Amino acid sequence: MAVYTKIFLKFPYKFWPTGNGTEFFLYAHTRRGYFPIWQHLDTELPGSNILFTTVTDEESRRIEKQSDEQTKAELMVVLKKLFGNKIPEPQTILVPRWFSNRFYRGSYSNWPNGYTQERYNDLKEPVGPIYFAGEHTNATYIGYADGAYFSGITTAKDLISCLRKSCKGRHI
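Residues numbered from 1 in each chain as written. Predicted model: local features only at pLDDT ≥ 70, side-chain atom pairs only at ≥ 80, totals over all residues. Heavy atoms only, no water.

A. Structural detail: the overall build of the chain. Of regular secondary structure, the chain possesses four helices and five strands. A compact globule built from 172 residues would reach a C-alpha radius of gyration of about 16 Å, whereas the chain, at 21 Å, exceeds it by more than 25%. Reported as C-alpha extents along the three principal axes, the dimensions of the chain are approximately 70 × 30 × 25 Å. Burial status across the chain gives 34% buried among its 172 residues. Long-range contacts, defined here as pairs at least 24 residues apart, represent 61% of the contacts in the chain between residues at least 6 apart. Accessible surface, the chain: about 11,100 Å² in total, of which carbon and sulfur atoms supply 54%. When the 22 positive and 17 negative side-chain charges of the chain are each reduced to one mean point, those points stand 2 Å apart. (Helix = DSSP H or I, 4+ residues; strand = E, 2+ residues; numbered from the N terminus. Rg over C-alpha atoms; globule rule 2.2 N^0.38 Å. Buried < 20%, exposed > 50% of the residue type's maximum accessible area, 1.4 Å probe, protein only. Contact = heavy atoms within 4.5 Å. Areas by Shrake-Rupley, 256 points an atom, 1.4 Å probe, with all protein chains shown as cover. Lys, Arg positive; Asp, Glu negative; His and termini not counted. Charge placed at Lys NZ, Arg CZ, Asp CG, Glu CD.)

Next comes the structure, spelled out in structure tokens:
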């Protein structure tokens, strides 16, 4: 399970450039993965005044351990370097904590090197009356919402087929 965190900031007004070729902003820091990619949502949600940044792996885990206020302070330092000191404070911050959530422990699945087809098949195999679905069980769209959707359809069909055949000894 990989950790991929998008941190959202809503501002009272837009202070970043918009238009063709301005959807993404890159930030380079001496610490690897320190708020490197920024994106505005003006194209998708005009007038929303939302920026978000993406962090992964160790930076995601570090961010999840600190308060939203600490994270906001770090983000504002970066944004002031990118856009100058006269930018407004964000009205709202959203920091998802997928890794810290005991029901998720990550943001999306990511097969490591050496992951075999046999292990993949085992991952999606029903255990007694419990069937599994999700993006991690769809080899074509692993890691994407499409994969979760299509695996749900496949799993539902498998379950319906099992119910029609009385599931070969499975107790449902």
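Now, onward.
B. How the structure looks around the nonpolar core. Among the nonpolar cores identified, the biggest contains 20 residues, and Ile-7, Phe-11, Phe-35, Trp-38 and Leu-79 are the most heavily contacted of them. If you list the elements that add at least two residues to this core, you get strand S1 (4-10), strand S4 (50-56) and helix H2 (68-83). In terms of residues, this core owes the most to one element, H2, which gives four residues. Not counting residues up to four positions away in its chain, the partners in contact with Phe-35 are Ile-7, Tyr-27, Thr-53, Thr-54, Val-55, Arg-62, Ile-63, Glu-74, Leu-75 and Val-78. (Core = buried A, V, L, I, M, F, W, Y, C linked by side-chain atoms within 4.5 Å.)

C. Here's a closer look at the packing of aromatic side chains. Overall, the coordinates contain nine aromatic pairs when judged by the stated rule. Ring centres of Phe-8 and Phe-52 lie 5.0 Å apart, and the angle between their planes is 40 degrees; on these two criteria the pair is classed as tilted. Of this pair, Phe-8 sits in strand S1 while Phe-52 sits in strand S4; the two residues are 44 residues apart in sequence, bridging distant segments of the chain. When its relative accessible area of 24% is taken as the criterion, Phe-8 is described as partly exposed. Aromatic pair Tyr-141 and Phe-150: ring centres 5.6 Å apart, planes at 35 degrees, arrangement tilted. An aromatic cluster is defined as three or more aromatic residues linked by ring pairs; in this entry it consists of Phe-11, Phe-15, Trp-16, Phe-25 and Phe-83. Over the ring of Phe-99 we find Arg-61, and its NZ or CZ is 4.7 Å from the ring centre. (Phe/Tyr/Trp six-rings, centres within 6.5 Å; stacked < 30°, edge-to-face > 60°. Lys NZ or Arg CZ within 6 Å of the ring centre and 35° of its normal.)

D. Structural view of helix H1 (residues 57-65). All of the buried residues in H1 are Glu-59, Ser-60, Ile-63 and Glu-64. Across the axial projection of H1, the buried residues extend over an arc of 135 degrees, all falling on one side. Facing away from the buried surface of H1 by more than 90 degrees, the exposed residues are Glu-58 and Lys-65. In the core, the buried residues of H1 are packed alongside S1, S4 and H2. (Arc of directions from axis to C-beta.)

E. Main features of a nonpolar patch on the surface. A contiguous nonpolar patch, built from Tyr-141, Tyr-144, Tyr-149, Phe-150 and Ile-153 and spanning about 530 Å² of accessible area, is present on the exposed surface. Within the secondary structure, Tyr-141 sits in the loop between helix H3 (117-124) and helix H4 (145-165). Of the residues examined, Tyr-141 reaches a relative accessible area of 36% and is grouped as partly exposed. (Patch = residues over 30% accessible without salt bridge, like charges linked within 9 Å, V, L, I, M, F, W, Y side chains within 5 Å. Salt bridge = Lys/Arg side-chain N within 4 Å of Asp/Glu carboxyl O.)

Interpretation in functional terms is not warranted from these geometric data alone.
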